[in-house]
Amino acid sequence: MSLSNGRAYLAIPGPSVMPDTVLQAMHRASPNIYEGELHELTHSLMPDLKKVAMTEHQVAIYIGNGHAAWEAALANVLSPGDHVLVLATGRFGIGWGEIAAGLQAELQTVDFGNEMAIDPARVEEALKADKDHRIKAVMAVHVDTSTSVKSDIAAVRAAMDRAEHPALLMADCIASLGCDRFEMDNWGVDVMVSGCQKGLMTPAGVSFVWFNKKADAAQGTCVTRYWDWRPRANPEVYYQHFAGTAPTHHLYGLRAALDILLEEGLEAVFARHETLARAIWSAFDCWSEEGPLKLNVADPAFRSHAVTAAVIGSPNGDRLRHWCEHHCGLTLGIGLGRSPEDAYFRIGHMGHVNAHMIMGVLGTIQAGLSALDIPHGRGALEAAADVIAQS
Ligand SMILES: *Cc1c(COP(=O)(O)O)cnc(C)c1O
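What counts as what
Residues numbered from 1 in each chain as written. Predicted model: local features only at pLDDT ≥ 70, side-chain atom pairs only at ≥ 80, totals over all residues. Heavy atoms only, no water. Near = heavy atom within 4 Å. Polar contact = N/O pair within 3.5 Å; in protein donor to acceptor, adjacent residues only side chain to side chain. Helix = DSSP H or I, 4+ residues; strand = E, 2+ residues; numbered from the N terminus. Nonpolar A, V, L, I, M, F, W, Y, C, P; charged D, E, K, R; others polar. Pairing = 2+ DSSP bridges. Contact = heavy atoms within 4.5 Å. Axes fitted to C-alpha atoms, helices over the stretch in contact; angles between N-to-C directions. Expected span 1.5 Å × (residues − 1). Buried < 20%, exposed > 50% of the residue type's maximum accessible area, 1.4 Å probe, protein only. Core = buried A, V, L, I, M, F, W, Y, C linked by side-chain atoms within 4.5 Å. Parallel < 35°, antiparallel > 145°, perpendicular 65-115°, else oblique. Left-handed = near helix turned anticlockwise from the far one by under 90°.

A. Here's a closer look at the site of the ligand. The environment of the ligand is made up of 13 residues, and the closest members are H67, T145, D172, Q197 and K198. At 2.3 Å, a side-chain N or O of T145 approaches an oxygen atom of the ligand. Looking at which element gives the most residues to the shell around the ligand, the answer is helix α3 (residues 66-77), with three residues. Within the shell around the ligand, the residues separate by chemical class into six nonpolar, five polar and two charged.

B. Region of the structure containing the sheet that holds strand β11 (residues 294-295). Here five strands make up an open sheet; going across it, the order is β1-β13-β14-β12-β11 and the pairing mixed. Two strands close off the open sheet at either side, each with one partner strand: β1 (9-11) and β11. Where β11 and strand β12 (residues 307-311) come together, two bridges link them in antiparallel fashion. Residue pairing across strands places L295 opposite A310, the latter belonging to β12. Sheet strands in contact with helix α11 (residues 316-328) are β13 (330-334) and β14 (344-348), and its direction is about 155° off that of β13.

C. Fine view of the side chain of S304. As for its placement among the helices and strands, S304 is situated in the loop between β11 and β12. In this structure S304 touches V143, S148, K150, D180, A277, W281 and H349, once residues within four positions along its chain are discounted.

D. Representation of helix α9 (residues 248-264) within the structure. Its 17 residues give α9 an end-to-end C-alpha distance of 25 Å, which sits within 8% of 24 Å, the value for a rise of 1.5 Å per residue. Among all positions in α9, only T248, H250, L251, Y252, G253, L254, R255, A256, A257, L258 and L261 are buried. Just past α9, the residue G265 takes up positive phi, approximately 95°.

E. Highlighting the nonpolar core. Counting 55 residues, the largest nonpolar core has L49, L87, F182, M192 and F208 as its most contacted members. Beyond its immediate stretch of four places on either side in the chain, L49 contacts V59, I61, L200, F208, W210, L254 and L258. Formed by 36 residues, the second largest nonpolar core is a distinct cluster that contains V17, I312, F345 and V353.

F. Summary view of the packing of α11 against helix α12 (residues 355-371). Where α11 meets α12, the closest approach of the two axes is 9 Å, and the angle between their N-to-C directions is 115°. One way to sum up the angle between α11 and α12 is to call them roughly perpendicular. For the pair α11 and α12, the sense of crossing is right-handed. When α11 is examined against α12, the residues L320, W323, C324 and C328 are found in contact with a partner set consisting of T364, I365, A367, G368, L369 and A371. Residue classes in the contact of α11 with α12 are distributed as eight nonpolar, two polar and no charged.

G. The arrangement of the environment of F242 in detail. Position of F242 among the secondary structure elements: in the loop between α8 (229-233) and α9. Here the alpha-carbon distance between F242 and I63, two residues 179 residues apart in the chain, equals 7.1 Å.

H. Representation of the sheet that holds strand β8 (residues 168-172). One open sheet accounts for seven strands, arranged β2-β10-β9-β8-β5-β3-β4; its pairing is mixed. At either end of the open sheet lies a strand with only one pairing partner, and these are β2 (58-63) and β4 (106-111). Neighbour to neighbour, the strand axes of the sheet diverge by 20° on average, direction disregarded. Sheet topology note: the β8/strand β9 (residues 191-195) ladder contains three bridges and is parallel. If you follow M170 over to β9, its bridge partner there is V191. Helix-sheet contacts for helix α6 (residues 153-162) involve β3 (83-88), β5 (135-141) and β8, and the interaxial angle to β8 is about 165°.

Listed below in structure tokens is the structure:
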């Protein structure tokens, strides 16, 4: 017997659950790309994308995944040989650095490991040591999806200011945007990148780079015509938005997703993600009282509200994921970038998630721990339900 018939549930950190209204908005014939509705719709996206990032500056849209936005952001500001300071809190920080290296940047990496957030004091130290101000950009991942570590980006800016260093602050909010609070302008971020398939609840394939005047003025020589953010942000003619054919259906989907986000209101969205994250953590607190299970990030202040990484010990990670998938129809995230890989797993709880979805994920994990005889503490589901009840 299998208990996995019925609607399957993907609890991985991107792509995330797509709202039915997003899917329905995309289910249509190809629109006229020369004039009319699609143009109006595209124009309407720009101010709303800025709202979500909490910025009054510019945004460029790219047809590509998060890696495309990574490269676009760096290509626009760097010239070959420029130095960058990479602040790594997991696989994604390292990966963004690799993109910079591919553009012939000189990397200076401060690696905070896989369980700790960026330490602003070490950023300040690294920048003060750069007396000639060779570092052009500081690259920080807000939420590293591989570890679920969330860093304090405003504190990174404060450290840069204390060091009186003129570098640009670049943030990767691909996992966090629309889930964990992020305030581009208030926090002094010059360039921010995100994608559409996580907190923005749209099928993978479109990504974004937000940039302010300082970043635009710093444009280097790595940029090519296709990646240039200027015509995309301020096109003279429509096709320049996308340097070619518009990603028609993604735009309809994104419009529907932004409507959902902004109707709920960003503050309510942040509060929902925080409460659901606390429900997950409280379940893990109980499970980890006995046996191998443990949250990856010890300090709740540095845990993401969009994704949770947990240690479970080899080979239990793989066993649990397979059991949940094949017996119950729940897909959990793999332990990305960790070794041995199956000692970790991740829960994605970004975007279109509510309390019953989270309780379903936790209940399924609970059943899996019991079915597989993985030792664990008791009371997890009750603890999670209490968090939801008390909200
Ligand atoms: C998902 C993700 C990426 C990569 O995005 P892709 O769309 O898979 O290219 C980069 N950074 C972070 C923090 C992410 O969560």
